[in-house]
Amino acid sequence: MPRTMVSGALLLVAVVLTAQLCAGTAYAGSGGDGFSVEFIHRDSVRSPFHDPTLTAPARVLEAARRSAARAAALSRSYVRADAPSADGVVSEVTSRSSEYLMAVNIGTPPTPMVAIADTGSDLIWLNCSYGDDGPGPATARDAYAQPLGVQFDPSKSTTFSLVDCDSGACGELPDAACGTDSKCRYSYSYGDGSHTSGVLSTETFTFAAPGGRGDGTTRLANVNFGCSTTFVGTFIGDGLVGLGGGDLSLVSQLGAHTFLGRRFSYCLVPYSVMASSALNFGSRAAVTDPGAATTPLIPSQVKAYYTVELRSVKVGNKTFPAPDQSPIIVDSGTTLTYLPEALLDPLVKELTRRIKLPPAQSPEKFLPLCFDVSGVREGQLAAMIPDVTLGLGGGAAVTLKAENTFVEVQEGTLCLAVAAMSEQLPASIIGNIAQQNMHVGYDLDKGTVTFAPADCASSYPAPTPSGSV
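Looking at an unreviewed UniProt entry, one finds the protein chain named Peptidase A1 domain-containing protein and attributed to Triticum aestivum. Comment text from UniProt for the protein chain, heading Sequence similarities (unreviewed entry), reads "Belongs to the peptidase A1 family."

And the structure:
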């Protein structure tokens, strides 16, 4: 669980809806097929936060524990979406306990940074530190003297500029104010209590091809963003790339001002595979794999969240209907899947009846079903666990294999990676364990989410040729 207190981090928040974001231009030599970047699990050996002292089961258990905090923050935002926070800002996203990272380079020359990639957030923000003569109030810059991690210094970039108060981007922020210099300043609160404020600006972002293969880079010029002068909260990494469904996300930004459309996809490798996943944009995000199932997005209390309708859960020939009006959030940043007790209880009973393994004590109260697998040889386990099928809106059926429903959280202890909703966790969530070895595509233009079984460890696309959007 992330424990680092970011008491001095100056942040960089990307804002959408800028008429300057390279509208109508195209990739040089890319054929217009979009681009891909590396999608790194925070516990992967590719991650700067990888802890080599932890065993594979211990890493999974830590992720499950983080999941409870993440789900609670998502749920608080979900049920309080219509209620303003104490400072008048609606808390819509959470910056804590997200699980996947991506590399981003900011400015000219580029400053390389590693940021959380979050499907439950709208904003892009990165640690930012002005030089001695840079813009922004000195009192705010001096208030936090020990920011964490890599910082972007706008004074060293030739493509940095500030945004005026009367810009469309300034109006898109949930709480913006005009400074004495007529530049746009903002304040933003997160679902977990974190808070950031700063000054809107524009800059160039550069994304590298996955895995460092080839020379492929994609450049996004004149992106509206804000350099935050304050940040209070807990956090890992150098910032956050919001991939949510709201107007402030990277996805909406690409769709509004490039030919790529508002769509992206990823293919998550299993926790047991120490490799990175792929995150795709544009036509590379199309999910055309065999067995693909598409479900429509439904209106959500929080615009950033990708919410679909959950209709049933099926095990073998037993189908358990969901309660009426059962929305479920598809989220890459939550580890476990969360279901209402009306579905989880019969699911646990049916799995207990079908799985012929000795029971084991759960290491955590929120894990409802565990088995002793110490006597099971590797490769035999998958055949002993039945498939679980989620029935979604539009007739979509998403089949979860053993690797999507059970995880080893201690040596020899296998637990169901599904937990119960509660008063503290009132929103259902399809977590990232359920999405392992699936190609998951989000299309805001069509209003759909698509799931398809895939071998994600071998799903890296060819490197993207260098170019600009």
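What follows is about the overall build of the protein chain. Helix and strand content of the protein chain: 7 helices and 28 strands. Buried positions account for 57% of the 469 residues belonging to the protein chain. Expressed as a percentage of contacts within the protein chain between residues at least 6 apart in sequence, the contacts between residues at least 24 apart total 73%.

Scanning the entire structure with this criterion turns up 11 aromatic pairs. Chaining the aromatic ring pairs together yields one cluster made of Phe35, Phe39, Tyr100, Phe207, Phe264, Tyr266, Phe281, Tyr306 and Tyr442.

The subject of this paragraph is the UniProt feature "active site" (unreviewed entry) in the protein chain. Using the residue numbers shown here, the UniProt feature "active site" (unreviewed entry) corresponds to Asp118 and Asp331. With the annotated positions falling across 214 residues, the maximum pairwise C-alpha distance of 8.1 Å places them together in a single cluster. Note on aspartate 118: relative accessible area 0%, which makes it buried. In terms of polar contacts, aspartate 118 uses its side chain to reach the side chain of serine 121, at 2.5 Å. Along the chain, aspartate 331 falls in the loop between strand 17 (327–330) and strand 18 (337–339). In terms of polar contacts, aspartate 331 uses its side chain to reach the side chain of threonine 334, at 2.5 Å.

Right, let's get into the side chain of serine 44. Within the fold, serine 44 resides in the loop between strand 2 (35–41) and helix 1 (56–79). Overall, serine 44 belongs to the buried group, its relative accessible area being 4%. The residues touching serine 44, leaving out its near neighbours within four places in the chain, are His50, Met274, Ala275 and Ser276.

What follows covers the state of the cysteines. In this structure the tally under the stated criterion is 4 disulfides. Two residues share a disulfide in this structure: cysteine 370 and cysteine 415, whose sulfurs sit 2.0 Å from each other. Negative torsions about the S-S bond denote left-handed disulfides, and the value of about 105° found for cysteine 370 with cysteine 415 makes this one right-handed. With cysteine 370 in strand 19 (residues 370–372) and cysteine 415 in strand 23 (residues 413–416), this residue pair connects regions lying 45 residues apart in the sequence. Of the two residues, cysteine 370 and cysteine 415, both sit in the buried class. Among the cysteines of the protein chain that take part in disulfides, numbered as they appear in the sequence, the pairing is 1-3, 2-4, 5-8, 6-7.

In this structure the tally under the stated criterion is 12 salt bridges. The shortest N-O distance in the salt bridge between glutamate 62 and arginine 65 comes to 2.8 Å. Here glutamate 62 and its partner arginine 65 are both found in helix 1, 3 residues apart, which amounts to about one turn of the helix. Judged by relative accessible area, which is 30%, arginine 65 ranks as partly exposed. The shortest N-O distance in the salt bridge between glutamate 350 and lysine 318 comes to 3.6 Å. Highlighted residues: glutamate 350 in helix 5 (residues 341–354) and lysine 318 in strand 16 (residues 318–321), separated in sequence by 32 residues. The class of glutamate 350 is buried, set by a relative accessible area of 5%. Here the salt bridges share partners, and the residues they tie into one network are Lys318, Glu350, Arg353 and Arg354.

Turning to the side chain of serine 265, a few remarks are in order. One can find serine 265 in strand 12 (residues 263–267). Residue serine 265 is classed as buried on the basis of its relative accessible area of 0%. Engagement of the side chain of serine 265 in a polar contact is seen with the backbone oxygen of alanine 285, the distance being 3.4 Å. Once residues within four sequence positions are removed from consideration, serine 265 is found in contact with Ala278, Leu279, Asn280, Arg284, Ala285, Val287, His439, Val440 and Gly441.

Moving on to the sheet that holds strand 19. Pairing is antiparallel across the open sheet formed by 3 strands, whose spatial order is 19-23-22. Of all the strands in the sheet, the pair left with one neighbour each is strand 19 and strand 22 (406–410). Across the sheet, the mean angle from the axis of one strand to that of its neighbour is 35°, orientation sign disregarded. Strand direction decides the pairing type here: strand 19 and strand 23, joined by 3 bridges, are antiparallel. Within the sheet, the bridge partner assigned to phenylalanine 371 lies in strand 23 and is leucine 414. On the sheet, helix 5 packs against strand 19, strand 22 and strand 23 and is oriented at approximately 145° with respect to strand 23.

Extensive coverage of strand 15 (residues 306–315) is indicated by the burial of 7 of its 10 residues. Across 4 bridges, strand 15 lies against strand 17 in antiparallel orientation. In the strand pairing of strand 17, valine 308 is matched with isoleucine 328. Where strand 15 and strand 16 come together, 4 bridges link them in antiparallel fashion. By the bridge assignment for strand 16, valine 313 is matched with phenylalanine 320. Once strand 15 ends, the chain turns through 2 residues before running back antiparallel as strand 16, passing glycine 316 with a positive phi of about 60°.

On to the pairing of strand 14 (residues 293–296). Side chains Ala293 and Thr295 project from strand 14 onto a buried face, and the interleaved Thr294 and Pro296 project onto a face without burial. In this sheet, strand 27 (residues 448–453) lies alongside strand 14 in antiparallel orientation, the contact comprising 4 bridges. Within strand 27, the residue paired with proline 296 across the bridge is threonine 448.

Most of helix 4 (residues 250–257) is tucked away: 6 of the 8 residues are buried. Looking only at helix 4, the buried set comprises Leu250, Val251, Ser252, Gln253, Leu254 and His257.

Thresholds, definitions, all that
Residues numbered from 1 in each chain as written. Predicted model: local features only at pLDDT ≥ 70, side-chain atom pairs only at ≥ 80, totals over all residues. Heavy atoms only, no water. UniProt positions renumbered as here; feature names shortened; annotations may be inferred. Helix = DSSP H or I, 4+ residues; strand = E, 2+ residues; numbered from the N terminus. Buried < 20%, exposed > 50% of the residue type's maximum accessible area, 1.4 Å probe, protein only. Contact = heavy atoms within 4.5 Å. Phe/Tyr/Trp six-rings, centres within 6.5 Å; stacked < 30°, edge-to-face > 60°. Polar contact = N/O pair within 3.5 Å; in protein donor to acceptor, adjacent residues only side chain to side chain. Disulfide = S-S within 2.5 Å. Salt bridge = Lys/Arg side-chain N within 4 Å of Asp/Glu carboxyl O. Pairing = 2+ DSSP bridges. Axes fitted to C-alpha atoms, helices over the stretch in contact; angles between N-to-C directions.

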